[in-house]
Amino acid sequence: MTIQDLVMSTKLRYYQKITQSQMMHPSTHFMMISAEMPVRMIRFRFVSWKHLIVLMYCSLFSWLANQWIFLHLLSFCFVPLRVENGAAAEDGAPDTQSRAEISAANRHNSLLEALSLASTIPSEKRSVKREQYLKRLFKAISQFAAGPPGQEAVLSRVDDAILPACKAGLRAGSAKPAEQYAACRVLEVTSVIIGHDQDDYVESIEQPLRLVIKGTHRAAVVRGAALRALAMTHFICGADESGTNSVLNLCEEVCAPQYRGEDVSPCLRAIALDCWALLSSTVADAYLAGDEMEEDLGRGLVILPLLSTCLNSSNMELRCAAGECVALIHESRLNLGIDEDEGENASERRFRRGELFSIFQLFPKNPYKKINELMVTSGCFSLGFSLPNK
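Residues numbered from 1 in each chain as written. Predicted model: local features only at pLDDT ≥ 70, side-chain atom pairs only at ≥ 80, totals over all residues. Heavy atoms only, no water.

A. Representation of a negative patch on the surface in the model. On the surface, D159, D197, D199, D200, E203, D240 and E241 cluster together into a patch of negative charge. The element that contributes the greatest number of residues to the negative patch is helix α8 (residues 199-214), accounting for 3 residues. Of note, D199 is situated in helix α8. For D199, a relative accessible area of 37% corresponds to the partly exposed category. (Patch = residues over 30% accessible without salt bridge, like charges linked within 9 Å, V, L, I, M, F, W, Y side chains within 5 Å. Areas by Shrake-Rupley, 256 points an atom, 1.4 Å probe, with all protein chains shown as cover. Salt bridge = Lys/Arg side-chain N within 4 Å of Asp/Glu carboxyl O. Lys, Arg positive; Asp, Glu negative; His and termini not counted. Charge placed at Lys NZ, Arg CZ, Asp CG, Glu CD. Helix = DSSP H or I, 4+ residues; strand = E, 2+ residues; numbered from the N terminus. Buried < 20%, exposed > 50% of the residue type's maximum accessible area, 1.4 Å probe, protein only.)

B. Structural detail: the packing of helix α4 (residues 127-144) against helix α7 (residues 177-194). In the contact formed by α4 and α7, the axes pass within 9 Å of each other and the chain directions differ by 20°. Here α7 runs roughly parallel to α4, going by the angle between their axes. In this structure, α4 crosses over α7, and the sense of that crossing is left-handed. Of α7, the residues touching α4 (which contributes S127, R130, E131, L134, K135, L137, F138, I141 and S142) are A178, E179, A182, A183, R185, V186, V189, T190 and I193. (Axes fitted to C-alpha atoms, helices over the stretch in contact; angles between N-to-C directions. Parallel < 35°, antiparallel > 145°, perpendicular 65-115°, else oblique. Left-handed = near helix turned anticlockwise from the far one by under 90°. Contact = heavy atoms within 4.5 Å.)

C. Just the nonpolar core, in detail. One finds I141, V154, L187, L209, L273 and L307 to be the most contacted residues of the largest nonpolar core, which totals 75 residues. If you tally residues by element for this core, the top one is helix α11 (residues 266-280), at 9 residues. Sequence-distant contacts of V154, that is, excluding residues within four places in its chain, are made with L111, I141, A145, I162, T190, I193 and I194. (Core = buried A, V, L, I, M, F, W, Y, C linked by side-chain atoms within 4.5 Å.)

D. Quick look at the pattern of salt bridges. Enumeration over the complete set of coordinates arrives at 8 salt bridges. When the shortest N-O distance is used, the salt bridge between R299 and E252 registers 2.8 Å. Of this pair, R299 sits in helix α13 (residues 299-302) while E252 sits in helix α10 (residues 241-254); the two residues are 47 residues apart in sequence, bridging distant segments of the chain. Pair check on accessibility: R299 and E252 agree, each one buried.

E. Highlighting helix α14 (residues 304-311). Across the 8 residues that make up α14, a large majority, 6, are buried. For α14, the set of buried residues is L304, L306, L307, S308, C310 and L311.

F. Quick peek at the confidence of the model for the protein chain. Overall, the predicted model of the protein chain reaches an average pLDDT of 75, with 62% of residues at or above 70. Segment residues 378-390: pLDDT under 50, and 15 contacts once partners within four positions in sequence are set aside and those in other chains are kept. (pLDDT = per-residue confidence, 0-100.)

G. Summary view of the side chain of S313. Assignment of secondary structure puts S313 in the loop between α14 and α15 (316-334). Discounting chain neighbours no more than four positions away, the residues touching S313 are L318 and R319.

H. Quick peek at the environment of Y181. Of note, Y181 is situated in helix α7. Y181 sits in the partly exposed class, given a relative accessible area of 29%. In the structure, Y181 is positioned 12 residues away from G169 in sequence and 8.4 Å away in space, judged by C-alpha atoms. Residues in contact with Y181, not counting those within four places in the same chain, are V221, V222, A225 and R228.

I. Main features of the packing of helix α5 (residues 148-156) against α7. Packing of α5 against α7 leaves a shortest axis separation of 9 Å and a crossing angle of 125°. Overall, the two elements α5 and α7 adopt an arrangement that is oblique. Read as a crossing pair, α5 and α7 show a hand that is left-handed. Mapping the contact onto sequence places Q151, V154 and L155 in α5 and T190, I193 and I194 in α7. Among the residues forming the contact of α5 with α7, the class breakdown is 4 nonpolar, 2 polar and no charged. (Nonpolar A, V, L, I, M, F, W, Y, C, P; charged D, E, K, R; others polar.)

This is how it looks when you write it as structure tokens:
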């Protein structure tokens, strides 16, 4: 059916409608038009022939849209999506690589900005600003300096930016405890980034951190952060065994109940024991647990009475740190003088020589009851551990 036939059939039905109803004016009536095609029946008010023709064309276009155009629109919408998805699946690696490169560039720029701000800390008069810059520097070094470019950037700015900023933050007179704590954390994370064989860095921060640790007037949190930074620096960057022994001596002094005539906070004592355990993992087993052949008692066995008092403390962190030190000493005793190729009785001699309860002979009290209490508190029995009855 053509458009002309559609128009003629519509006219004919209109005139038949007028004749049957004997209407005087066509504008006052409604009529129903059907174009003999699968279109929706539309009731409208007839005004003129122009409106009729417009309605016919609209009906025609709607029918075409339903039959043909709509399908093509769907194909145009979804086919490119499928093509793009397929291209993304094929070229996913370059796209991901480009995004990774952009993210790496942004992280590196953030690191450079933090280092640039750190260079202004010594001349900054406001403590709040110095603390803010130090916190930003710590975040940048710990999160954005993991790769080789970040490590090179940190190494290149250690002497002219990081060290002056941290030394300015450690000043006791003008720096607040929060600023001092942030400076210690920056020194700690810097030692992790720059890596080993950095004796110059160790020497440059040794004296400032020791002054903070020995200052009993400073906050315990700040002294603990300084001790952690010093121990981490010697653990990673230092290669001098005498320096490690010196820090071990300092940890043993700080973890005592009193230091330089002042009571030591349990939190600081726990940090000192943690640092002692960290550095003790770098020394020889005989130096830590003693050598019976040479009649050397060992550094670890000397502090066993101190560890016993720490195990009886009411502070949970201090008890946990002391227990870790005891476990480290016991492991060192297990490894004393036993080679892997000594035969079938090597394990038996190793256990007999480093038996856990033999190292408690120096304790002033029987440790079995206390260890049972600690194991119950920590949930060790739920893992299947038990102690012999004594």
